[in-house]
Amino acid sequence: MGDETLLDGVTITEAASYGIYGNVADFVVENCRVVDNQQYGIFAQNGDVSIKWCEVGNNGVHGIYHTGKEYMNITQNCRIHKNIGHGIFAVNTTPILQNTIISENGSVGESTFGVLIVNPSYEPVMYNNTIVYNRKEGVSFTDNGTTIDPNDKNWPDIQNCILWYNNSGGMQAAGFDANTLPQYCCIYNPADPNGTDYTLNARNNFSGNPGFAYSDPNNLHLAYNSPCKDRGNPYHTINDVGLSDMDGEERIVDNRVDIGADEICSCDEDLSEDDIRHPLDWDSDGVINNIQFGEFSRAWLSCEPNFPGDPNNWNPVCNLDKTGNSEHKIDLGDLAVFCEDNPQVWLWRACWEQSRMNFIQTTLYPMIGGRESMMSMREFVFPAENLSATEQTKKSIEQQILKMEEAIDFLEKIWLGEPNIQEEINPEDWQEFMKAVYKGLFELQTQNVQVE
Ligand SMILES: [Ca+2]
Ligand SMILES: [Ca+2]
Ligand SMILES: [Ca+2]
Ligand SMILES: [Ca+2]
C-alpha cells in the first residue's frame, strides 16, 4: 500500500507472504476479503491503518499485524477468524477495535491469542467485540510501562465485549484481571463453568453464557432472548460504539447497546425467535435455499437404518415429517414440510440476513441495486396438510393433483432458474428425485381414475 491509499471491494487470496503490505504508509482497507494467504493477512508498520467491513481469515500467520510507535490501527465491523497466528497482533501501536468478531484464531500448542497487544503507545479501546473460540486467551496484554515508571501502563479500555469459549475453558484474558478491568462485558469465568451466573460484578460484568442463536462458531448472532441484549454501557451513544453493528443494523436498539458485535435487530416489530434462527437452516447462514434443498434431495427416499427401504444417504435432519408412512423415511411428506409457506421454510430468511443484504445494496454498493426477486413459494406451494391422511379425505384428489403440478412446476423452475442449484445438486440425484415426484403425481392420477 502507498501512503494515503484506499483499497475497497477486493478479494486478496493465496499470496505467498502478505495479503496486504504497508510500510511508512497510512492506508485504508474497506469491504475486502483477505483470506487464505500463506503468511500474514494484513501487515503494516509505521503508518496509521483503518480496516472496515473486512473479512480477514485463514491466513497462515497473523490476521492483522501492526507495529510502529505512536501509530493507530482502527478496525471496525470486521471478521477476523481462523488465522493460524494471532487474530490481531499490535506491537507499540494503539488498536481501536469496534463491532468486530475475532474467532477461532490460533493453532494447537502455540501461544496464539484472539488479540495480542504489546506496549501500546496510548490506551487501546475495545468496544462491542465478540471474541470467542480462539485457541488461547481472547485478549493478551503486556506493557513494560515507561523508562521512568514501569508501572505506568496503558491499560486497555474494554467495554461491551463478549469473551467466551476461548482458551479451552481456561481464563479469557492474559496480563490483566478479566473480572476487574473490563466493564459491561460477558466474560466466561472458569469458576462458573456452566455459565449460569448472570449477577453483575462491581464492573458490571457477568460470567453467564452469552446465548448465541446458533452453536456454529461461524454464526455469532445473539439469540432472541440473549442475556447480552441491552446490557452494554447505558451511557454509550453512537459516538462511542458507532452507527452499525456487524450486520449493518442499527448499533443501538431500544436505547441501550447490546454486548458484543451484534445488536439484536429491530427490523420487525413482532420480532420473535424464528426471525433470528430457523432449525432447518443447517448451515447457519440465515437462509433456507438450494443448499438445504441439495442436502434434502440427496437424502430423498432414504430410510432409517433397520426399516424397510434404502438406508443409504439417510440424513435424520431431513426427516421433517415423522408421522404415518413418512415416519422413518424421507418422502413427499417431508418435501411438503420443506415447501411449507406458513410459517415459511423454503426461502426463509433471517432478519439479520435481510438487513445485511439491504445494507450492502443501499449503503455499500448502491449501484448494484436489488439482487434476486424473491421467488414466492406461495404460488407454488403444496401445503403439508394436503398430504396427511385426514386431509386427503377432505380435499379432492383433483386438488392434490393441481397442487402437485404446481410443485413440479416450481421444482422445474428452481432447477432451471437458480444459478447455483446445479452446482449443489448432482443432476442424477435431481433426476431420481424428480422421477419420484412424477411417480407421486402419476399415482394420484391413477387414484383419480379409479375414483371416477
Ligand atoms: Ca439494544
Ligand atoms: Ca444484528
Ligand atoms: Ca442456509
Ligand atoms: Ca419423513
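So, here is what we can say about the structure in this document.

Rules used in this analysis
Residues numbered from 1 in each chain as written. Chains lettered and ligands numbered in written order. Predicted model: local features only at pLDDT ≥ 70, side-chain atom pairs only at ≥ 80, totals over all residues. Heavy atoms only, no water. Helix = DSSP H or I, 4+ residues; strand = E, 2+ residues; numbered from the N terminus. Buried < 20%, exposed > 50% of the residue type's maximum accessible area, 1.4 Å probe, protein only. Contact = heavy atoms within 4.5 Å. Areas by Shrake-Rupley, 256 points an atom, 1.4 Å probe, with all protein chains shown as cover. Core = buried A, V, L, I, M, F, W, Y, C linked by side-chain atoms within 4.5 Å. Domains from an automatic or database assignment. 1 Å grid on protein atoms, 1.4 Å probe; cavity = no way out; pocket = protein on both sides within 12 Å on 5 of 7 lines; lining within 4 Å. Points joined across faces, edges and corners; volume = space filled by probe spheres on them. Nonpolar A, V, L, I, M, F, W, Y, C, P; charged D, E, K, R; others polar. Pairing = 2+ DSSP bridges. Donors = N, O, S within 2.8 Å, 3.2 Å for Na, K, Ca; no water. Disulfide = S-S within 2.5 Å. Phe/Tyr/Trp six-rings, centres within 6.5 Å; stacked < 30°, edge-to-face > 60°. Lys NZ or Arg CZ within 6 Å of the ring centre and 35° of its normal. Polar contact = N/O pair within 3.5 Å; in protein donor to acceptor, adjacent residues only side chain to side chain. Axes fitted to C-alpha atoms, helices over the stretch in contact; angles between N-to-C directions.

Check the secondary structure of the protein chain and you find 9 helices and 22 strands. Taking all 452 residues of the protein chain together, the buried fraction comes to 52%. Intrachain contacts of the protein chain at a sequence separation of at least 6 include 54% that bridge at least 24 residues. Summing over all exposed atoms, the protein chain offers an accessible surface of approximately 20,700 Å²; the carbon and sulfur share of this is 49%.

With that settled, consider the nonpolar core. By size, the foremost hydrophobic cluster in this structure holds 56 residues, and its most contacted members are Ile-162, Phe-293, Phe-296, Trp-300, Leu-335, Leu-411 and Phe-433. At the level of elements, strand 20 (162–164), helix 3 (290–298), helix 4 (332–338), helix 5 (351–364), helix 7 (397–417) and helix 9 (427–451) are the ones that each hand at least two residues to this core. Broken down by element, this core gets its largest block of residues, 8 residues, from helix 7. Two domains share this core, each providing at least three of its residues, namely domain 1 (1–268) and domain 2 (278–451). Not counting the four nearest positions on each side in its chain, Leu-411 is found in contact with Phe-293, Leu-335, Trp-430, Phe-433, Met-434 and Val-437. In this structure, Leu-97, Ile-117, Ala-173 and Ile-187 belong to the second largest nonpolar core, which totals 33 residues.

Another point: empty space enclosed by the protein. The full count for this structure, using the stated rule, is 3 cavities of 30 Å³ or more. Considering the residues around the largest cavity, the lining is formed by Met-171, Gln-172, Ala-178, Asn-179, Ile-187, Tyr-188, Asn-189 and Pro-190. Of the residues assigned to the lining of the largest cavity, the class counts are 5 nonpolar, 3 polar and no charged.

Here 7 strands make up an open sheet; going across it, the order is 3-6-9-12-15-18-21 and the pairing parallel. Unpaired on one side and paired on the other, strand 3 (20–23) and strand 21 (173–174) mark the two borders of the sheet. Across 2 bridges, strand 18 (residues 139–142) lies against strand 21 in parallel orientation. What sits directly across from Ser-140, in strand 21, is Ala-174.

Around the calcium ion (ligand 3), the protein contributes the donor atoms Asp-281 (OD), Asp-283 (OD), Asp-285 (OD), Val-287 (O), Gln-292 (OE1) and Gln-292 (NE2), which lie 2.2 to 2.9 Å from the metal centre. Between the donor residues of the calcium ion (ligand 3), the gaps in sequence give the motif D-x1-D-x1-D-x1-V-x4-Q.

Per the stated rule, a full pass over the model turns up 1 disulfide. With a sulfur-sulfur separation of 2.3 Å, Cys-265 is cross-linked through a disulfide to Cys-351. Residues Cys-265 and Cys-351 are joined through a disulfide that is left-handed, its torsion about the S-S bond being -50°. With a gap of 86 residues between them, Cys-265 in the loop between helix 1 (238–241) and helix 2 (273–276) and Cys-351 in helix 5 connect regions that are remote in the sequence. Here the two residues Cys-265 and Cys-351 agree in accessibility, since each one is buried.

Evaluation of the coordinates by the stated rule reveals 19 aromatic pairs. Ring centres 5.4 Å apart and planes at 65° place the aromatic pair Phe-293 and Phe-338 in the edge-to-face group. Placement of the pair is Phe-293 in helix 3 and Phe-338 in helix 4, with a sequence separation of 45 residues. With a relative accessible area of 0%, Phe-338 lands in the buried category. Grouping aromatic residues by their ring pairs yields a cluster made of Tyr-18, Tyr-21, Tyr-40, Phe-43, Tyr-65 and Phe-89. The cationic tip of Arg-277 hangs over the ring face of Tyr-214; the distance from NZ or CZ to the ring centre is 5.7 Å.

Below, the discussion takes up the side chain of Asn-59. Within the secondary structure, Asn-59 sits in the loop between strand 8 (55–57) and strand 9 (64–67). Within the structure, Asn-59 has its side chain in polar contact with the side chain of Asn-83 (distance 3.0 Å). Residues contacting Asn-59, with those up to four places away along its chain left out, are Val-34, Val-35, Asp-36, Asn-37, Gln-39, Tyr-40, Gly-41, Lys-82, Asn-83 and Ile-84.

Pairing within the open sheet is parallel, and its 7 strands lie in the order 1-4-7-10-13-16-19. Of all strands in the sheet, those with a lone pairing partner are strand 1 (5–8) and strand 19 (157–159), marking the two edges. Strand-to-strand twist of the sheet, defined as the mean angle between neighbouring strand axes without regard to direction, takes the value 5°. Where strand 4 (residues 27–30) and strand 7 (residues 49–52) come together, 4 bridges link them in parallel fashion. Note that in strand 7 the partner of Val-28 across the bridge is Ser-50.

Read these as geometric descriptors, not functional statements.
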